[in-house]
There are 2 protein chains.
Amino acid sequence: MKNFEYKNPVKIIFGKGTIPKVAGEIPENSRVLMIYGGGSIKRNGVYDQVKNALKNFELFEFGGIEANPHYETCIKAMEVVKANNIDFLLSVGGGSVIDATKFIAAGALYEGEDPWDFFTQRFVIEPKAAIPLGAVLTLPATGSEMNWNSVVSRVSTQEKLAFGSPLVMPQFSVLDPECVFSLPDRQVANGVVDAFVHVMEQYLTYPVNSPLQDRFAEGILHTLIEEGPKVLANRNDYDSAANFMWSATMALNGLIALGVPSDWATHMIGHELTAFHGIDHARTLAIVLPGMMNIKRHNKKDKILQYGERIWGINQGTDDERIDKTIDKTVAFFKSLGVPCTLPEYDVPAETIQKIKERFKTRGSKLGENADIDYNQVEEILTDRL
Amino acid sequence: MKNFEYKNPVKIIFGKGTIPKVAGEIPENSRVLMIYGGGSIKRNGVYDQVKNALKNFELFEFGGIEANPHYETCIKAMEVVKANNIDFLLSVGGGSVIDATKFIAAGALYEGEDPWDFFTQRFVIEPKAAIPLGAVLTLPATGSEMNWNSVVSRVSTQEKLAFGSPLVMPQFSVLDPECVFSLPDRQVANGVVDAFVHVMEQYLTYPVNSPLQDRFAEGILHTLIEEGPKVLANRNDYDSAANFMWSATMALNGLIALGVPSDWATHMIGHELTAFHGIDHARTLAIVLPGMMNIKRHNKKDKILQYGERIWGINQGTDDERIDKTIDKTVAFFKSLGVPCTLPEYDVPAETIQKIKERFKTRGSKLGENADIDYNQVEEILTDRL
């Protein structure tokens, strides 16, 4: 196991009927900006629940955060924050709304010219302050409710980039699994795949003698495999919704990454597919991951074999046969949720592979847990998915 | 899954060579009281490492905290705190030292007459303030380094009681697995059993459809079963020491208890064995747990069968046969670590059972996840261990 440091002070309030508890978590006399997306929270009653709970606060609203939230929209929200002396941000929505809220929180107090600096000069320019924020999660998927990461897309440059800071961790996140009841199939399937691949990015690397982290990761995978289809089949099954929701949070709150290497190359490549073609984030991961497993089968051999055996019961045949079967099982699981795993199924032409290759070439990025995936391997991985 | 709330802001600093990092975690100009036990930290070099790291602080010392820390000793430490205007406590030792430090932290600022109130009137009288504290953990076992619990023994009354408060959570805990290298066999075995039974208290109850919590609990049990014996066999095996240490922390930092029922009757009964006979805490758990499983086999049936199958591979025979085998396997594991599991092996006479029965009768306690273990069942459970 590698050395690590960990501190995760996010307060989780989990369970049915918990949304009204937001009122007790926001400092009295706060000027609150409620940030949300496209209006689903108005249809499922969450908007009314939050408004009702916060009737004793000075409450402002900013709706219209997109899936894959736009830099341009966040900049507008920062102007609302400044114009109204907002001192608390409440994100009501899924991971995109929370990610946007994190950027708005830090960006509104940035003293430089353009807070896009946090993304383009990550680890060099970091936030020095942020407006405190909380979250009401309506869509299990990204884990953003219990971590410090944020991914934002800049439309004008077709870039999708990430930043992170402990200053933008939510003070609290309210997770009411009943929010799952009103989600469309597509969002449930995306959430399951997203959480699944988050685990894989922290698990499917190389062994460092970390049996507890491995078993926690495998526990999340097993639970997603069991509970995801139940949620799809019966949207009002509270227990399955709760197990799905808690699994998605645990998949990316930092815990399973402690002391082990992480990959994240699947995400980095997937982001480009979203940037160029607007494909749902989770679906880009479902496309890229099987290619990653195939092309990096030698570096990842030990963990792919362990994953195949412990998760899918594959323990017969040569190593390569077992790896092939394990990739097939993974693809079959994603497809069973209604998520296709190849580029043509999303109408992505071969030319896009060249554009993405060029982008990584320009950036000089080396991806993956061994920093050995260069632009040529990116091309190989995507070509595998044609 | 039941509703829950969770917030655990303890910063964990984990790994070899991390002890000097304490200096960066304590506020500048603090007047620090370093609290420790019997002197093992002077033999293994931890004392010198901490002293050296804190040479720019005003550093005071209080040694002599006992295993099963004494109320009477903690009261003396509170006087040292007050006399020297101490504003930060650094616990250097195992769970007993951390538990004592938590009590000292809250007791020194208590405005009532006797801070023993926190224990005798738990949930009625709670700390309103505490001196901030941090920990350097030298002995994996209790999980106290990442929770808010404290157990203290009062010698004059032969009582061993618990209190808890978020105010006494450590600001940080430094976990250097190299501290395990110098532990005697007895303390390693105790630590493995202690962590194991902590998991069991939160897992071996009744099912509430919480597959992720179950798998995390099982992951810790598996890891302790694999790694504990390796640590005993080769004290300088860093990876096994690290896996053991991290498992013990995860066993009682609150995570696996979220949304599920907890038992804790084994602990409550075990505490009485320590109070009357001074038996090591972990060893009292090894005595009581098999009796608890046997006498509560009907209430706990579903989870005992799941535990037997997933942890010990027991899936043949009638339910009662499987439960018998599962208890046998659990006892065999404790014995393999050198920890006996019956009362006569600790020279506890049958009369002690009557004394303990009387105590629970006087208190009117109902123990366990169903609050259905009265003093008669306590007698049955202990008689099972004769």
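For clarity, every value in this text was computed on a predicted model and none was experimentally measured.

**Observations regarding the interface of chain A and chain B**
Then step 1. Counting residues at the interface gives 39 residues for chain A and 39 residues for chain B.
Then step 2. Overall, the association of chain A and chain B removes approximately 3,500 Å² of surface from exposure, summing both partners, and the carbon and sulfur fraction of that is 57%.
Then step 3. For the chain A face of the interface with chain B, the top three residues by lost area are A:Met1, A:Leu212 and A:Arg215, together amounting to 18%.
Then step 4. The tally of links between chain A and chain B comes to six salt bridges.
Then step 5. A salt bridge links B:Glu5 to A:Lys11; the nearest nitrogen and oxygen atoms lie 3.6 Å apart.
Then step 6. The interface formed by chain A and chain B contains 16 residue pairs in polar contact (both at pLDDT 80 or more).
Then step 7. Taken together, the residues of the side of chain A that touches chain B break down into 18 nonpolar, twelve polar and nine charged.

**Details of the relation of the copies chain A and chain B**
Then step 1. Taken as rigid bodies, chain A and chain B are interconverted by a rotation of 180° and an axial shift of 0.0 Å, the fit giving an RMSD of 0.0 Å. Interpreted geometrically, this transformation is the action of a two-fold axis. Across chain A, the smallest distance between a C-alpha and the rotation axis is recorded for A:Pro9, namely 2.0 Å.
Then step 2. Looking at the interface residues of chain A, 100% of them are also at the interface in chain B, so both copies use one shared face.

**Describing the pattern of salt bridges**
Then step 1. Enumeration according to the criterion identifies 48 salt bridges over all chains in this entry.
Then step 2. Between A:Glu226 and B:Arg215 there is a salt bridge, with its nearest N and O atoms 2.5 Å apart. Taken together, the residues span two chains, with A:Glu226 in helix 8 (residues 211-233) and B:Arg215 in helix 8 (residues 211-233).
Then step 3. Judged by relative accessible area, A:Glu226 falls into the partly exposed class, the value being 34%.
Then step 4. Where A:Glu309 meets A:Arg322, a salt bridge forms, and the shortest distance between an N and an O atom there is 3.4 Å. Within this pair, whereas A:Glu309 is found in helix 12 (residues 301-312), its partner A:Arg322 is found in helix 13 (residues 319-336), the two being separated by 13 residues in sequence.
Then step 5. Classification of A:Glu309 as partly exposed rests on a relative accessible area of 38%.

**Re the domain arrangement of chain A**
Residue and element names in this part refer to chain A.
Then step 1. For chain A, the domain assignment lists domain 1 (11-178) and domain 2 (185-383).
Then step 2. Between domain 1 and domain 2, the residue contacts involve 23 residues of the former and 22 residues of the latter.
Then step 3. At the junction of domain 1 and domain 2, the tally comes to zero salt bridges.
Then step 4. For the pair domain 1 and domain 2, the interface holds six residue pairs in polar contact (both at pLDDT 80 or more).
Then step 5. Taken together, the elements giving at least two residues each to the side of domain 1 that touches domain 2 come down to strand 1 (4-14) and strand 7 (159-164).
Then step 6. Taken together, the residues that form the side of domain 1 that touches domain 2 break down as ten nonpolar, seven polar and six charged.

**Re helix 4 (residues 71-83) of chain B**
All names here are of chain B.
Then step 1. A rise of 1.5 Å per residue sets the reference length of helix 4, with its 13 residues, at 18 Å; its end C-alpha atoms lie 19 Å apart and thus fit the reference within 8%.
Then step 2. Where helix 4 is concerned, the buried positions are Tyr71, Thr73, Cys74, Ala77, Met78 and Val81. Angularly, the buried residues of helix 4 cover 150° about the axis, an arc narrow enough to put them on a single face. Pointing more than 90 degrees away from the buried face of helix 4 are the exposed residues Lys76 and Ala83.
Then step 3. Among the structural elements, strand 2 (31-36), strand 3 (58-62), strand 4 (88-93), helix 5 (95-107) and strand 6 (149-154) are those in contact with the buried residues of helix 4.
Then step 4. Immediately beyond the C-terminal end of helix 4, within one or two residues, lies Asn85, with a positive phi of roughly 50°.

**Thoughts on the environment of B:Pro69**
All names here are of chain B.
Then step 1. Mapping Pro69 onto the fold places it in the loop between strand 3 and helix 4.
Then step 2. Judged by its relative accessible area of 3%, Pro69 is buried.
Then step 3. On a C-alpha basis, the gap between Pro69 and Met200 in space is 24 Å, while along the polypeptide they are 131 residues apart.
Then step 4. Aside from chain neighbours lying at most four places away, what touches Pro69 is Ser96, Asp99, Ala100, Val151, Val152 and Ser153.

**So, the packing of helix 11 (residues 281-295) of chain A against helix 13 of chain A**
Residue and element names in this part refer to chain A.
Then step 1. Their axes nearest at 10 Å, the elements helix 11 and helix 13 cross at an angle of 175°. As summarised for this structure, helix 11 and helix 13 are arranged roughly antiparallel, according to the angle between their axes. Two secondary-structure elements touch here, helix 11 through Ala286, Leu289, Pro290, Met293 and Asn294 and helix 13 through Thr326, Ile327, Thr330, Val331 and Phe334.
Then step 2. By residue class, the composition of the contact of helix 11 with helix 13 is seven nonpolar, three polar and no charged.

**Considering unusual backbone geometry**
Residues and elements named next belong to chain B.
Then step 1. One non-glycine residue, Trp264, lies in positive phi territory at about 75°.
Then step 2. Overall, Trp264 belongs to the partly exposed group, its relative accessible area being 23%.
Then step 3. The backbone phi angle of Ala371 is positive, close to 50°, even though this residue is not glycine.
Then step 4. Looking at the element boundaries, Ala371 is found in the loop between helix 14 (350-363) and helix 15 (375-383).
Then step 5. Residue class for Ala371 comes out partly exposed when judged on its relative accessible area of 43%.

**What to know about the sheet that holds strand 8 (residues 172-175) of chain B**
Then step 1. Across the sheet, which stays open at both edges, the twelve strands sit in the order 3(A)-2(A)-4(A)-5(A)-8(A)-1(A)-1(B)-8(B)-5(B)-4(B)-2(B)-3(B) with mixed pairing between neighbours. Every interior strand has two partners, whereas the edge strands, strand 3 (58-62) of chain A together with strand 3 of chain B, have only one. Neighbour-to-neighbour, the strand axes of this sheet turn through a mean angle of 25°, independent of strand direction.
Then step 2. As defined by bridge partners, strand 2 (residues 31-36) of chain A adjoins strand 4 (residues 88-93) of chain A across five bridges and the pair is classed as parallel. In the sheet register, A:Leu33 faces strand 4 of chain A, and the bridge partner there is A:Leu89.
Then step 3. Relative to strand 1 (residues 4-14) of chain B, helix 9 (residues 238-251) of chain B is tilted by about 150°, and along the sheet it contacts strand 1 of chain A together with strand 1, strand 5 (133-137) and strand 8 of chain B.

**Let's talk about the packing of helix 7 (residues 185-203) of chain A against helix 13 of chain A**
Residue and element names in this part refer to chain A.
Then step 1. Their axes nearest at 10 Å, the elements helix 7 and helix 13 cross at an angle of 155°. Here helix 13 runs roughly antiparallel to helix 7, going by the angle between their axes. Crossing handedness for the pair helix 7 and helix 13: right-handed. Residue-level inspection shows Val192, Val193, Phe196 and Val197 of helix 7 in contact with helix 13, the latter providing Thr330, Phe333 and Phe334.
Then step 2. Here the contact of helix 7 with helix 13 is composed, by residue class, of six nonpolar, one polar and no charged.

**Some thoughts on the UniProt feature "domain: Alcohol dehydrogenase iron-type/glycerol dehydrogenase GldA" (unreviewed entry) in chain A**
Then step 1. UniProt records the feature "domain: Alcohol dehydrogenase iron-type/glycerol dehydrogenase GldA" (unreviewed entry) at residues 9-177 of chain A, using the numbering of this structure.
Then step 2. The distance separating the terminal C-alpha atoms of residues 9-177 of chain A is 21 Å; by composition the span is 27% helix and 26% strand.

What counts, and at which threshold
Throughout this description, residue numbers start from 1 for each chain and increase along the sequence as written. To label them, take the chains in the order written and letter them from A, then take the ligands in the order written and number them from 1. Whole-chain, interface and lining totals are the exception, using all residues; otherwise, since this is a predicted model, local features are given only for residues with pLDDT of at least 70 and side-chain atom pairs are given and counted only at 80 or more. Side-chain metrics in this entry use all non-hydrogen atoms of the structure; hydrogen atoms and water are not considered. The contact rule is simple, with two residues in contact once any of their heavy atoms fall within 4.5 Å. Summed over both partners, the accessible area lost on bringing two parts together, with a 1.4 Å probe, is the buried area. Salt bridges are defined as contacts in which a side-chain nitrogen from Lys or Arg sits within 4 Å of a carboxyl oxygen from Asp or Glu. What qualifies as a polar contact is a pair of N or O atoms within 3.5 Å, subject to a donor-acceptor requirement within protein and to the restriction that residues adjacent in sequence count only when both atoms come from side chains. Here the nonpolar group is Ala, Val, Leu, Ile, Met, Phe, Trp, Tyr, Cys and Pro; Asp, Glu, Lys and Arg are the charged ones; every other residue, Gly included, is treated as polar. Least squares is the method for superposing the copies, and the C-alpha atoms it fits come from residues with pLDDT of at least 70 in both. Secondary structure elements are defined from DSSP: runs of H or I of at least 4 residues count as helices, runs of E of at least 2 residues count as strands, and each element is numbered from the N terminus. When accessible area is computed with a 1.4 Å probe and restricted to protein chains, residues below 20% of their type maximum are described as buried, those above 50% as exposed, and intermediate ones as partly exposed. For the purposes of this description, domain bounds are those given by an automatic or database domain assignment. Multiplying 1.5 Å by the helix residue count minus one yields the expected span of that helix. This arc corresponds to the set of directions leading from the helix axis out to the C-beta atoms. For helices, the fitted line uses only the C-alpha atoms of the stretch in contact; every axis is such a line through C-alpha atoms, and the angle between N-to-C directions lies from 0 to 180 degrees. The labels follow the angle: roughly parallel below 35 degrees, roughly antiparallel above 145, roughly perpendicular from 65 to 115, and oblique for the rest. Strand pairing is assigned whenever DSSP detects at least two bridges linking the two strands. Left-handed is the label given to a crossing in which the near helix is rotated counterclockwise from the far helix by less than a right angle, and right-handed is the label when the rotation is clockwise. UniProt positions are given in the numbering used here, feature names are shortened, and annotations may be inferred rather than shown by experiment.

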